[in-house]
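Structure assessment
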Amino acid sequence: MIHTRESLLARITVILQEQFDVEPDSISLAARLREDLDIDSIDAVNLMIELKSITAKKITLENFHQVKTIADLIEAVLAFLSQDQAAN
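Residues numbered from 1 in each chain as written. Predicted model: local features only at pLDDT ≥ 70, side-chain atom pairs only at ≥ 80, totals over all residues. Heavy atoms only, no water.

Turning to the pattern of salt bridges, a few remarks are in order. Under the criterion given, the structure shown has two salt bridges. In this structure, Arg-5 and Glu-75 form a salt bridge, with 2.5 Å as the shortest nitrogen-oxygen distance. Of this pair, Arg-5 sits in helix α1 (residues 5-20) while Glu-75 sits in helix α3 (residues 70-87), and the two are 70 residues apart along the sequence. For Arg-5, a relative accessible area of 46% translates into the label partly exposed. (Salt bridge = Lys/Arg side-chain N within 4 Å of Asp/Glu carboxyl O. Helix = DSSP H or I, 4+ residues; strand = E, 2+ residues; numbered from the N terminus. Buried < 20%, exposed > 50% of the residue type's maximum accessible area, 1.4 Å probe, protein only.)

Below, the structure is given as C-alpha cells:
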C-alpha cells in the first residue's frame, strides 16, 4: 500500500483520538506531541506499537528521536517506509 501524508495524518488522527483521548480540534500538522497533545514517553512507546499497524514492521524510538510535531511524525514514518522499500 502506498502511504501519503494525508493518509498517514488521517490514521494518526484516529490513533491519537482512540488510544490517547486527544481532542480532534487539537490535532494538526504543527501540533507538538509533548507540549500540545500531552504525549509522554510511555505514550510514545504505545504510539510506536500502533504505528506498526501502518508499517507492518517494528518501529523503535530511535527511528523517531527527532520527532516533535505531527508533521515530523508523518515524515519519519514515510522515511521509515522508504528505507524498507529500498531494502527490498
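The phi angle at Asp-21 is positive, at roughly 55 degrees, despite the residue not being glycine. Classification of Asp-21 as exposed rests on a relative accessible area of 64%. Unusually for a residue other than glycine, Asp-38 sits at a positive phi of about 60 degrees. Mapped onto the fold, Asp-38 is located in the loop between α1 and α2 (41-55).

With that settled, consider the nonpolar core. Residues Leu-16, Leu-37, Leu-51, Phe-64, Ile-70 and Leu-73 are the most contacted members of the largest nonpolar core, which totals 26 residues. Within the residue set of this core, elements represented by two or more residues are α1, α2 and α3. Considering each element in turn, this core owes the most residues, eight residues, to α3. Once you skip the residues sitting within four places of it in the chain, Phe-64 turns out to touch Met-48, Leu-51, Ile-59, Leu-73, Ala-76 and Val-77. (Core = buried A, V, L, I, M, F, W, Y, C linked by side-chain atoms within 4.5 Å. Contact = heavy atoms within 4.5 Å.)

Before going further, it helps to spend a moment on the packing of α1 against α2. When two helices pack together, their arrangement is given by the angle between the helix axes and the distance between those axes. Close contact between α1 and α2 brings their axes to 11 Å; oriented N to C, the two are set at 135 degrees. When the axes of α1 and α2 are compared, the pair comes out oblique. Classified by chirality, the crossing of α2 by α1 is right-handed. Between α1, through Leu-8, Arg-11, Ile-12, Ile-15, Gln-19 and Phe-20, and α2, the contact on the second element is made entirely by Asp-43, Asn-46, Leu-47, Glu-50, Leu-51, Ser-53 and Ile-54. In terms of residue class, the contact of α1 with α2 is made up of seven nonpolar, three polar and three charged. (Axes fitted to C-alpha atoms, helices over the stretch in contact; angles between N-to-C directions. Parallel < 35°, antiparallel > 145°, perpendicular 65-115°, else oblique. Left-handed = near helix turned anticlockwise from the far one by under 90°. Nonpolar A, V, L, I, M, F, W, Y, C, P; charged D, E, K, R; others polar.)

Another point: the side chain of Thr-69. Summarising the element assignment, Thr-69 is placed in the loop between α2 and α3. Residue Thr-69 is classed as buried on the basis of its relative accessible area of 15%. Of the polar contacts made by the side chain of Thr-69, one reaches the backbone nitrogen of Asp-72; its length is 3.1 Å. Ignoring sequence-local partners within four residues, the contact set of Thr-69 consists of Leu-29, Ala-30, Ala-31, Arg-32 and Leu-33. (Polar contact = N/O pair within 3.5 Å; in protein donor to acceptor, adjacent residues only side chain to side chain.)

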